[in-house]
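A closer look at the structure
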Amino acid sequence: MTKRVVVTGLGVVSPNGIGIPAFLHAIKNGISGIKFMPRYEELNFSCRVAGMPDFEWEKLINYISEVTLHGLKGTNIAYGLAAALDAWADSGMDYETDEPHWETGCVFGNSIADTEAMKNVIIRVDNKEAKKLGSRVVEQAMNSGVTSYISGRLGLGNKVITNSAACATGSQAILMGYEYIKHGYAKRMLTGSAEHVDTYVYGAFDSMRVLSRKFNDHPEQASRPMSLTAGGFVPGSGAGALVLEDLDFALARNAKIYAEVLGGSSNSGGQRQGGTMTAANSTGVIRCIQEALVSSRINTGQIDLISGHLTATNADNKEIQNWSDALSRTGDDFPLINSLKSMIGHCLSAAGSIESVAAVLQIAQQFVHPNINLEDPDPEITNRISVDCLPVNMIKKEINIVAKANFGFGDVNSCLILSKYN
Amino acid sequence: MTRTEILNELKKVFAPYTTNKELLNSINDDTDLIRDLKINSANLVDIIIDAENKYNIEIDFDAADKMINVGSCIDVIREKLNQKNVEYR
């Protein structure tokens, strides 16, 4: 007997809004969080814009003790903590507990520790001053740093796992949390992901020539998924968090319910049949989407909205084709589809969780957020699906089921099916 | 540098690592860093590094092991300062 799983809390640190009220306002109104970065000009990057949250470091004192804050350097950890603790509070739970929450676990993902913070470590070691590093480096360098800070602050006592699957990390974390509850291993899972694109990671993407470089003077127009003039993605940073609960457990404590997770799938195209380290095997993508539908016991016609991966690279057209093939829907019959990346850029490991927060909000408040910078949709896309499927303004509409997918380097895929709670 | 002067300076060194600010103001030689000030044992390393930087001294492993309460911290710091042949008395 498997359990139904619902979303009871949300938290977000996004380039276009920190905290759910600001983020909700931004996505309803198509507000961009992409800004010009003077530092990237100094560094001779080709792309000089980014989605960087207006994060006030001092406000971390609202989340952790001053002893913990002293010595905290990892920006990804800070983002993850803020989003996760906001989601926890939003679900109606207290931060303080003496007994661990044995029924609650955590799956929180990320890509890499804050390399800028780690640079200071490297310099000290190279200067033969390793003795001066202190006690706080290891916990922030380890991949499980973010989950350790979150679970330690909240006293989470069930499975605590750090996942990493490049750009599919966030939706995969939510899927894993969902599976633990569904199979009865936990009553509640705090799920999500965090990413801080520091200058070193940014530079490495810049060198791959996959970033937007023609809109440095117009940062808000730089992220253009599905547009004919899309010329690469805009790196973004932040974190998203969702509290998932066993439905009966949530009902028993009168928790607010935003939406239900119906199912999902995570797979890999095996870097075969056209799939590579950086490109998706379409067969793998289509299988992932179709398996998500099967696990959710819905048919292809029931999807009202797709929250795409859609990064604003030449992979967008292929992604639309894969969705169309997976759902056997084209033209006017295709669901509405949007890309949050048009407003916040591509938050890599955090993309899936921030976009899932947006998807849940669209279900809870019955709207579809706009695609911005889509005044010139790619004809190869509109030859397959109707231009009416690509909203450029917010739409108020009945939204019952949303498919949320992300695809990452390594040819990894994750697809979640989210539904209105009935 | 007198014991009292070192004690007053040590309060600033300990401050980032304890949430018990009231007790910090009234520490004496017998105050235990872990038991009384509730300092995380891992943070003792950070306190030693901060003290090294503050007094421009080097606290070796054997000396660090002695730094359990405020009095032994002052002893170690005074000893290391004296080893530098600096006149602090």
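As a starting point, this report considers the structure included with it. (Residues numbered from 1 in each chain as written. Chains lettered and ligands numbered in written order. Predicted model: local features only at pLDDT ≥ 70, side-chain atom pairs only at ≥ 80, totals over all residues. Heavy atoms only, no water.)

Right, let's get into helix 1 (residues 3–14) of chain B. Residue pairs spaced three or four apart in an α-helix point in one direction, given the helix's 3.6 residues per turn. Residue and element names in this part refer to chain B. Over its 12 residues, helix 1 runs 16 Å from end to end, which matches the ideal 16 Å to within 8%, given 1.5 Å per residue. Those residues of helix 1 not exposed but buried are Ile6, Leu7, Leu10, Lys11, Val13 and Phe14. Around the axis of helix 1, the buried residues are gathered within 160° of arc, so they sit on the same side. Projecting away from the buried face of helix 1 at angles above 90 degrees are the exposed residues Thr4 and Lys12. Contacts from the buried residues of helix 1 go to helix 2 (21–25), helix 3 (44–55) and helix 5 (70–83). (Helix = DSSP H or I, 4+ residues; strand = E, 2+ residues; numbered from the N terminus. Expected span 1.5 Å × (residues − 1). Buried < 20%, exposed > 50% of the residue type's maximum accessible area, 1.4 Å probe, protein only. Arc of directions from axis to C-beta. Contact = heavy atoms within 4.5 Å.)

Turning our eyes to something else, we now look at the interface of chain A and chain B. It is common to report an interface's size as the accessible area lost on association of the parts. Opposite the 10 residues of chain A that make contact, chain B presents 13 residues. Both sides of the chain A and chain B interface together cover about 930 Å² of buried area, and 56% of this is carbon and sulfur. Linking chain A with chain B are three salt bridges. Summed over the shared surface of chain A and chain B, the number is five residue pairs in polar contact (both at pLDDT 80 or more). Partitioning the side of chain A that touches chain B into residue classes produces two nonpolar, four polar and four charged. (Buried area = accessible area lost by both parts, 1.4 Å probe. Salt bridge = Lys/Arg side-chain N within 4 Å of Asp/Glu carboxyl O. Polar contact = N/O pair within 3.5 Å; in protein donor to acceptor, adjacent residues only side chain to side chain. Nonpolar A, V, L, I, M, F, W, Y, C, P; charged D, E, K, R; others polar.)

All right, on to unusual backbone geometry then. Residues and elements named next belong to chain A. With a phi angle near 70°, methionine 226 is a residue other than glycine that sits in the positive phi range. One can find methionine 226 in the loop between helix 9 (199–207) and strand 8 (238–246). Exposure remark for methionine 226: the relative accessible area of 1% places this residue in the buried category. For leucine 348, which is not a glycine, the phi torsion comes out positive at approximately 50°. Mapping leucine 348 onto the fold places it in the loop between helix 13 (341–344) and helix 14 (351–365). Residue classification places leucine 348 among the buried residues on the basis of a relative accessible area of 5%.

Residue and element names in this part refer to chain A. With respect to the helices and strands, the residue serine 151 is situated in helix 7 (residues 145–154). Residue classification places serine 151 among the buried residues on the basis of a relative accessible area of 12%. Non-local contacts of serine 151, meaning those with residues more than four positions away in its chain, are made with Leu156 and Val160.

Before going further, it helps to spend a moment on the packing of helix 11 (residues 282–296) of chain A against helix 12 (residues 315–327) of chain A. Residues and elements named next belong to chain A. Interaxial distance between helix 11 and helix 12 falls to 9 Å at its minimum, and their mutual angle equals 45°. Considered as vectors, helix 11 and helix 12 are oriented oblique to each other. Note that helix 11 runs across helix 12; the crossing there is right-handed. Residues Ser282, Val285, Ile286, Ile289, Gln290 and Leu293 of helix 11 form the contact with helix 12, whose own contacting residues are Lys318, Asn322, Trp323, Asp325, Ala326 and Leu327. (Axes fitted to C-alpha atoms, helices over the stretch in contact; angles between N-to-C directions. Parallel < 35°, antiparallel > 145°, perpendicular 65-115°, else oblique. Left-handed = near helix turned anticlockwise from the far one by under 90°.)

Moving on, we come to the nonpolar core. Residue and element names in this part refer to chain A. By size, the foremost hydrophobic cluster in this structure holds 49 residues, and its most contacted members are Trp88, Phe108, Ile150, Leu154, Leu190 and Tyr202. Every element with two or more residues in this core is listed here: strand 4 (49–51), helix 4 (75–90), strand 5 (104–109), helix 7, strand 7 (188–195), helix 9 and strand 8. When residues in this core are grouped by element, the largest group, 10 residues, is from helix 4. Not counting residues up to four positions away in its chain, the partners in contact with tryptophan 88 are Met93, Asp94, Tyr95, His101, Thr104, Leu154, Leu156, Arg188, Leu190 and Val243. (Core = buried A, V, L, I, M, F, W, Y, C linked by side-chain atoms within 4.5 Å.)

This part takes up the layout of surface pockets. All names here are of chain A. By volume, the largest pocket amounts to about 850 Å³. Residue lining of the largest pocket: 41 residues in total, with Thr311, Thr313, Asn314, Ala315 and Asp316 positioned closest to the centre. When contributions to the lining of the largest pocket are tallied by element, the ones reaching two or more residues are helix 11, helix 12, helix 15 (379–382), strand 14 (401–408) and strand 15 (412–419). With six residues, the top contributor of residues to the lining of the largest pocket is helix 12. Partitioning the lining of the largest pocket into residue classes produces 20 nonpolar, 14 polar and seven charged. Empty space within the second largest pocket amounts to approximately 550 Å³. Elements supplying a minimum of two residues to the lining of the second largest pocket: helix 3 (66–69) and helix 7. With five residues, helix 7 is the single largest residue contributor to the lining of the second largest pocket. Classifying every residue of the lining of the second largest pocket gives eight nonpolar, 11 polar and five charged. (1 Å grid on protein atoms, 1.4 Å probe; cavity = no way out; pocket = protein on both sides within 12 Å on 5 of 7 lines; lining within 4 Å. Points joined across faces, edges and corners; volume = space filled by probe spheres on them.)

Honestly, it's all geometry; don't read function into it.
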